[in-house]
Every structure is written in C-alpha cells, then in structure tokens.
Amino acid sequence: MTANRKTIAAASVSLAALLAAAPVWAQEAPATDDAAQVDEVVVTGIRASLRDAIGVKRRSDLVVEAISSEDIGQLPNVTIAEELVRLPGVNGTRDRGNQSQASIRGLGPRLVLGLVNGREVASSEPDRNVRWEIYPSEVVSGVEVYKSQSADLISGGIAGTINIRTIRPLDYRGPSFVGTAGAVYYEGGEDLPDYDPLGSRFSASLTHRLTDTLGVNLGVTHQEQKNGYSTFEGWGWNDEDTGGSPGDIDGDGDLDATFWGAQTQVKRLTETRNGVNGALQWKPSDQFELNMDALYSKVEIDEDQNQIWYGRNNTYSNFAGASGWAYGDPAASYTIIDGTVVAATLPFASVTNVIAKYVEDKTLLATGLNGKWMSGAWTLTGDVAYSKAERENLWRAIFTEHYPALAGVDMTPGRTPSAFASYDTSDPSFQPLFDYVPGQADGGKLTDELTSAQFDVAHYGGETGVTKTSFGVRASDRSKAYERLLWNQAPIVATLPSSLLSSFTVSDFDTPGFLNGDFDAVAQAAYGGFVQPADAVDEASGWSVDETVFEAYVKVDFAGDFAGLPVTGNVGMRAVQTETTSNGYESVNSGALTPISIDNDYFELLPSLNLTLALAEDQQLRFGLARTLARPPLDELRAGRTLFNTSPPPTGSAGNPNLTPYIANQVDLSYEWYFAPEALFAAAAYYKDVETHIGYFTQPVTIDGVTYNVTGPFNGDGGGISGIELTFQTPFRFIPALENFGVYANFAYVDSDVKEFSPANNPLESTGLARETATVDLWYSDGKFESRLGYKYHSPFTVISGWDGSALRTLDNESTLDFSASYQVTSNLGVRFQASNLTDEEVNTYYDNDENRLASNTRFGRRFSLDATFRY
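Criteria and thresholds
Residues numbered from 1 in each chain as written. Predicted model: local features only at pLDDT ≥ 70, side-chain atom pairs only at ≥ 80, totals over all residues. Heavy atoms only, no water. Helix = DSSP H or I, 4+ residues; strand = E, 2+ residues; numbered from the N terminus. Rg over C-alpha atoms; globule rule 2.2 N^0.38 Å. Buried < 20%, exposed > 50% of the residue type's maximum accessible area, 1.4 Å probe, protein only. Contact = heavy atoms within 4.5 Å. Areas by Shrake-Rupley, 256 points an atom, 1.4 Å probe, with all protein chains shown as cover. Lys, Arg positive; Asp, Glu negative; His and termini not counted. Charge placed at Lys NZ, Arg CZ, Asp CG, Glu CD. Salt bridge = Lys/Arg side-chain N within 4 Å of Asp/Glu carboxyl O. Arc of directions from axis to C-beta. Pairing = 2+ DSSP bridges. Phe/Tyr/Trp six-rings, centres within 6.5 Å; stacked < 30°, edge-to-face > 60°. Lys NZ or Arg CZ within 6 Å of the ring centre and 35° of its normal. Axes fitted to C-alpha atoms, helices over the stretch in contact; angles between N-to-C directions.

K.L.:
Where do I start with the overall build of the protein chain in this structure?
P.N.:
A count of helical and extended segments in the protein chain gives five helices and 43 strands. Here the C-alpha atoms of the protein chain give a radius of gyration of 29 Å, agreeing with the 29 Å that 2.2 N^0.38 yields for 872 residues. Expressed along its principal axes, the backbone C-alpha trace of the protein chain runs to roughly 90 × 70 × 50 Å. When each of the 872 residues of the protein chain is scored for burial, the buried share is 56%. Once local pairs closer than 6 in sequence are excluded, the contacts in the protein chain between residues at least 24 apart make up 73%. Summed over its atoms, the accessible surface of the protein chain is roughly 34300 Å², and 55% of this surface lies on carbon and sulfur atoms. Computed over 62 positive and 113 negative side-chain charges, the inter-centroid distance for the protein chain is 6 Å.

Here it is as structure tokens:
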C-alpha cells in the first residue's frame, strides 16, 4: 500500500502545482459597483433556516434534505446529530445523553457515508461509522443529506450520504465575528456524590475579507459536558439446550431461558471537546478559485463509574444445569414469562462492587485543498484531501466480592428494574479482595488515516439538449489499525481500608448502595496502583486493514420537454475498484500466534438516472434509479482468527477479509409542492433491493485443509426495503393573527424483509429499521424573539451496542420533547435558552427480539443550556 500512497501523494503535488499556475491564464474579474446593488429584505432566524433549506432541496438534482447554518443552533445543538434526526426518515441513538450516530431510511450508520466538504474522512470508530459529536456544530455552514444517488457522488452510502459544509469566506454573507458563551446543565447528575453537573460552552469565529479576492475564516470552540446518569443492564439470556441447560426450571416440561446476570451502573462524566477550524478562499478572477480548509477536533472523556454486578459466578445462568440446585433451593424464588426467567432471588449469588475509571481521547484532523478553473464552456476542478482520526481508551476496574445468603434481580417488563441482597454489600467496613478477582485494565489504540485526490472536468452545453457533460477520477488510500491493551492487577491486601470508602444510592432504581471512593487512592491501596506490564499488548486482538479505492465516472446532464412539461435530469455511470489487505494473527488450539495477511479486491459498475419534471411553476416530480454500494466495515475485514480442531467438530471465530460490499438497486420518486414562500409539501416513496447483507453467524470455512464451523461476519441474504416520507412546513401567514407562527413536520414509514442473522429462530430487523418516525416543530419568530417546541418519535429499531458488530439490541420506541427560545437584545447581542428531553424519556433496549429480555434501562434526565451570542 506504500506505493499506492506515494502515487496519490505525487498526484496531489502535481495537482497543487496546476492550481497554483492556473491564475496565469485566468483573466481579472471586473470590479463590482456597490452603488448598483439593490436593497433586499433580509429574513433571519428560524424562518431563514427553513427558507434556505427549501432552496437547497428545490435546486438539487437529487432527493435531498438540508440544514442551513441558521437551522443548526435553534434546537439543542450539543451535536449535529440532534439536528439530523429531525429530518424525514433520519433516526439516531443517544450516547451519553446526546444524539450521536444517524440511520437513514431504515438502514443503520454502517451504511451511511459521511463527508466533509464533499470528502470522505477518517473515523475514530472501528468500522466506518461517523460519530457526529466530534464535529462542532458551531463551525458548520450547512448540511445536505442525499437520499438518492448520482454518478458524481462518492460511492459508499446505500442508506444515504451526509455532507457537512464549512464556511467559504468570500461566499459568506453573515457577521464578521460571532462569539458565544454559555452554560449547560445535565439534570441526571444533580444528586450524585462528588459531582457537579454544570458544564460550559464557548466558541468564536472570525471571517474577514483581506482583499476583494482573498478571504479567511478562523474559529475555535470549547465545550465541557458534565453528564451523570444511571443504567440497569441485563447480561443476556442462556437458552441453549446443552444437555440440561438452561433446564426446566418450573417443571412444566419446557426449557426455560435464564439470565447470565445483571448490573447496575452510575457514570459521572466529564467530556471536553476543543476544536479549531480555518478556511482560506482566493478568487483572483471569475475564472479561478482556490479553497483550503482544515478542521481539528479533540474529545477527552474522563468517566468515574460505580457498578454492582449480580451473578459473576454464573449462579443465575443455570448453564448446563449447573445452577439447578440454586433454583430448587427452598429459599429461592423466580418469575417466568413466556419461558424466560425475568426475576430470580437465589442463594450464594455473587455481588461484586466495582469502582472503575474510563478515559478516552479521540482526535480528528481533516484538511483539503480544492481548486476550480473555468475557461469558456470548460470547468476543471481538483481536490486533494487528508484526514486522520485516533482514539485511545482505557478502562480500569477495582473489584470487591460478596456472597450473601440471598441476592436477587428483578427485570420484569413494566416495572422499574431492581436488585436485592440480604445484607449491605456496600458497607465500607467490609470490602474483601480475592486473588481470583484481580483488578482489570482493558483498552487500546485505534488509528485511521485517509488520503485522497480527485480531478473533475465539465463541459457546459446549451440550455436544452445536453446541458453538461462531466467526468472525473478519484483515488483514495486508507489505513486503519487497532492495538488492544489487556492486563490484570493482583491485590496486595485482603480487604480495602474503610477510610477510603463511602457508599450512596440513586433514586432511579431500587438497588443496594454503590461503593464509592477516589479511584486513584483506592487503586493504590488495593493493587499498588495500575502498572502496565511489558506484555500488556494483546496481539491476538490486534488487526490492520489497508484499502485503496479507484473510481471514475461519466455523467450527462440534459434538459428538454416531456408531454409539454419541462424536464431536466442526468444519466451516468460510476466505476469502483477496491483493493484491501487485511492483517492479523491466527491461533490454533491456543498455540503460538502466527501473523497472517489476506488480499481481496472487487469491482462494481454503478449506473444512475435522475429526472425532474416541472409539473407547474411551484411543483415538481423527481424520479431516480441507481445501483449503490457500501463497503464492508473495516473492523470486520480483520484477518485474525482463533481455531480449535482437537475435538469434532472443528470450530473457530474470525473476521472476514473476503467480505464483499453491501449492494442495492434503488428507485426513488418524490413530489414537491412549494405552495407559498417558505412553504413546502413533499411526498417521497422509495424501494431498495438489497442484494447482500453483512452480519454475524456460523458457517463452514475450510482453512489449511480443515473445515471449521466459524462464527464471524459473513455476506448473507438481503431483501427489499420500501418506504414513504411526508414533509409539511409553512408559516401561518394566511392567518393574520398567527402570521409569525409556523410549523415544520414530517412522517416516515418503512417496511423491510431485510433481517439480521441472529437470533437464528427469530432474527432481528435490519439495523436502523424504525418502521415509523415523526417530527413536529411549532415555531414563532417576530424578528427579535424566537421560540420552537420540537417533538420527535421513532418506533423500535435494531442497534449495535458499542463497538462490536455482533452486539445487536432492540432500541425501544422513544418520544422526546425539546424547547428553545432566543431574544435579540440588540442588533449585536442575543440570548438563548434551550431545554431537551423535557419529558425525561428513558432509553430502553432489549435482547433477542424479546421485550422480556432487558438489555439496558438508562435515565439521562433533562438538559438545559443558557448562552449569549455576540455578532459584529
């Protein structure tokens, strides 16, 4: 891959030289006459945001949704994802209380392509997902969500393509300086000990024309998020028949699924995000333009965790019938619903107190140089880009172990989860440490680096017939690698000193108290501190993937008449060649690790057709056909595998370097009626024929002449996805008394037979498939005062929990209510108040497509912010 990177670097240097030389041929632009400018009525705030978004949608050749710079910031905007999920057919998941990743049209984040200024960027996630909170919303000038495809769009977004745009200084028409300062308060942490849930946000942006042809933008952002919250988690259910497991607990002749255990958890989070962005735009003439932009964002997470584990000794799981005695004990009690044990109080069940510290640092650098040269009917555009993302994380945990006479867990649906122990397991005076329960450290480092170069040529024709012919090429080289750290820390004392400990309870759940103490002091007393040993690197878990993509396209735009109505459109083809090299380690029968490297490649042709028919001056009908792809998640391309063949049948677990991409053929139809200024009614329908899906299951794989039943990611059957989306927005200008009020609303419905591959007897819906999604925003704007009340609903859908693609859960339906209000005190100074999750909606997930099997119940609480913005 080194040669590929050198090739791209050489192309970048050549392109930069071409762009630098271009002004020699360009003509000077004529001077503008300021006196000849016409005064215009300026619309600001919410109305301007909605108007600008309509303009983007109306002018596009594709089915697209948009957010303008004014739109971001009107609702609580800790992350850009909180604005994205308000668009039709877009859903998200709350992580640490904030929206993070985005699903589009019933397909999850792994099938969404994220771009910045039209460029693919590196990600600090193991796969290709983009966690949008790393992008400060203050630096964004607009966002487009492309739901249909054209040949000139970078391949990779079956679900959709999200493009974040940053400011281009000469094109910017807003105030030269914008500064914001304020406070953010997370209600969920207000009663937690040793914790202040008050955070802060600051940002400043300066945009200045150095000359008539040269502009610069520089921005800085800082955010400290203090979010404390409680979670009750189930560890999953054992329903395998392994000769007595899980066993017939109630004697009715049927096997009963038992839970492996459960835990309660409190997190006290401090998340600090700092960002710097800059842009330089040079436009010496109407024929030449050069843009350079850069974004750096750093997120640091420091999280104190207090946990209680119930069933570390597997008492609750009854694996292979081993705990049958516990369920049959006279003192035991349990509740079974539809063959699933949802509550159990058993003897000798372990209760483990955990005092833990989690730290994570992730950074992103995304930069690029873009040049455009026009001569007559020809336009040449070149772009070179580089991005790098890194994430380092480490979880360290201190354990104390108890075995009360009775301990219980109740996860009965419809009740608040609870837990029980026959004595106070959090009593600071007795916290035993055992040699077989050592401290644990688990973490690692992930690095993702991406370099790309693109060159496009367009020739403009007349206003009818072939209006433009364009073609282009793109090459990218991406390297992603992960190194895991894992070690145990042996105790140096038998019990923890009570002087270092305290305990507390939370009101969210009825559970025993949590053990608490300063992590560093307790770790020093228990283990002599956490000291990373020389052999802490877990090579068996490490992997790297190098990926080179070569793309070329041709596209023809045309205009004419159809049945007496104006029609415009484009037809094109994109060719994509992908080559990967996956590296990892192989272990056979727990023997020595052997490095392995596997190459793979695939080629795809992606045709597309888009038509827009002008039904009337204010109405248009769009039609699109396209073949699309999304490349496999990078972490699932890992080459590492663990194999066992000493007893039949041979088994193993592995990544899959030979995965082929997700492929879908899709059709889009959209009707749009712009029935009044700032008003829209749109109805869209679509169908996606997904040829292949990627998920986890077990299948035979022959390796070195031996056929193993390997569990890992494989290509499997796809299916069809169909849906409709309705959008309605308008100011109530037709009602004089309500002319300053308005509404924005959308509804989406999705139906699909695409399934995940587990559980085998009742597969989950495909990740991201929420059958119903709705948004309703009511707003008021009179020029000085603005407010908006926003409602968001989604039905249940499948999510991936954490970083493991096999960890599938169902996220239950959610209804959230947000509010924002702002007042422009002077022409330069404004204040804003925002509140999110006003109804204190919980986040619930469950296992195995079964609502009786609780995965997590999390209570983030409400969030409030107050800030002031100065514009000049």
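K.L.:
Help me understand unusual backbone geometry in this model?
P.N.:
The omega torsion across Pro-648 and Pro-649 is -10 degrees, close enough to zero to call that bond cis. Mapped onto the secondary structure, Pro-649 falls in the loop between β29 (641–644) and β30 (651–654). In this model, Ser-758 is joined to Pro-759 through a cis peptide bond whose omega is -10 degrees. Even without being glycine, Ser-590 reaches a positive phi, approximately 60 degrees. Residue placement: Ser-590 occurs in the loop between β26 (565–588) and β27 (594–616). Of note in this structure, Asp-704 is not a glycine but carries a positive phi near 50 degrees. In this fold, Asp-704 is placed in the loop between β32 (680–703) and β33 (706–731). Given a relative accessible area of 72%, Asp-704 falls into the exposed group.

K.L.:
Honestly, the pattern of salt bridges in this entry has me stumped. Any pointers?
P.N.:
Any two side chains of opposite charge can pair, given that their charged atoms come close. On inspection of all chains with the given rule, the structure shows 52 salt bridges. Across the salt bridge formed by Glu-303 and Arg-96, the nearest N and O atoms sit 3.1 Å from each other. You can see Glu-303 sitting in strand β14 (residues 288–310) and its partner Arg-96 sitting in the loop between β2 (90–95) and β3 (98–104), a full 207 residues away along the chain. With respect to burial, Glu-303 and Arg-96 carry one shared label: buried. Between Asp-293 and Arg-119 there is a salt bridge; the shortest N-O distance is 3.1 Å. Taken together, the residues Asp-293 in strand β14 and Arg-119 in strand β5 (residues 119–120) connect sequence positions 174 residues apart. Taken individually, Asp-293 and Arg-119 each receive the classification buried, so the pair is uniform in this respect. One salt-bridge network, in which partners are shared between bridges, spans Glu-120, Asp-448, Arg-474, Arg-478, Lys-480, Glu-551 and Arg-574.

K.L.:
So what exactly am I meant to see when it comes to helix α5 (residues 519–527) here?
P.N.:
Every α-helix winds through 3.6 residues per turn, so residues three or four apart in the chain are directed the same way. Every buried residue belonging to α5 is among Phe-519, Val-522, Ala-523, Ala-525, Ala-526 and Tyr-527, and all of these are buried. Across the axial projection of α5, the buried residues extend over an arc of 165 degrees, all falling on one side. Once α5 ends, the next one or two residues include Gly-528, with phi positive near 75 degrees.

K.L.:
Would you explain the pairing of strand β40 (residues 829–836) in this entry?
P.N.:
Remember that side chains alternate between the two faces of the sheet whenever the strand is regular. Relative to β40, strand β39 (residues 814–824) runs antiparallel, the two sharing six bridges. Directly across from Ser-822, in β40, lies its bridge partner Arg-832. The hairpin formed by β39 and β40 contains four residues between the paired strands. In this sheet, strand β43 (residues 863–871) lies alongside β40 in antiparallel orientation, the contact comprising eight bridges. What sits directly across from Ala-835, in β43, is Phe-864.

K.L.:
Looking at this model, I keep getting lost on the packing of aromatic side chains. Mind explaining?
P.N.:
Any two aromatic rings considered together are summarised by their centre-to-centre distance and by the angle between their planes. For the structure shown, the criterion picks out 25 aromatic pairs. Every member of this aromatic cluster is reached through a ring pair, and the members are Trp-237, Phe-259, Tyr-316 and Tyr-847. Geometry around Tyr-195 places Lys-226 over its ring, the cationic atom sitting 5.2 Å from the centre. Over the ring of Trp-803 we find Arg-391; its NZ or CZ atom is 3.7 Å from the centre of that ring.

K.L.:
Help me out: how do you make sense of the sheet that holds strand β20 (residues 418–421) in this one?
P.N.:
Either a parallel or an antiparallel arrangement is found when strands of a sheet pair, and the pairing is made through backbone hydrogen bonds. Here four strands make up an open sheet; going across it, the order is β15-β16-β19-β20 and the pairing antiparallel. Of all strands in the sheet, those bounded by a partner on one side alone are β15 (333–337) and β20. Neighbour to neighbour, the strand axes of the sheet diverge by 10 degrees on average, direction disregarded. For strand β16 (residues 340–347) and strand β19 (residues 406–410), the ladder comprises five bridges, and the chain directions are antiparallel. Counterpart to Thr-345 in the pairing with β19 is Gly-408.

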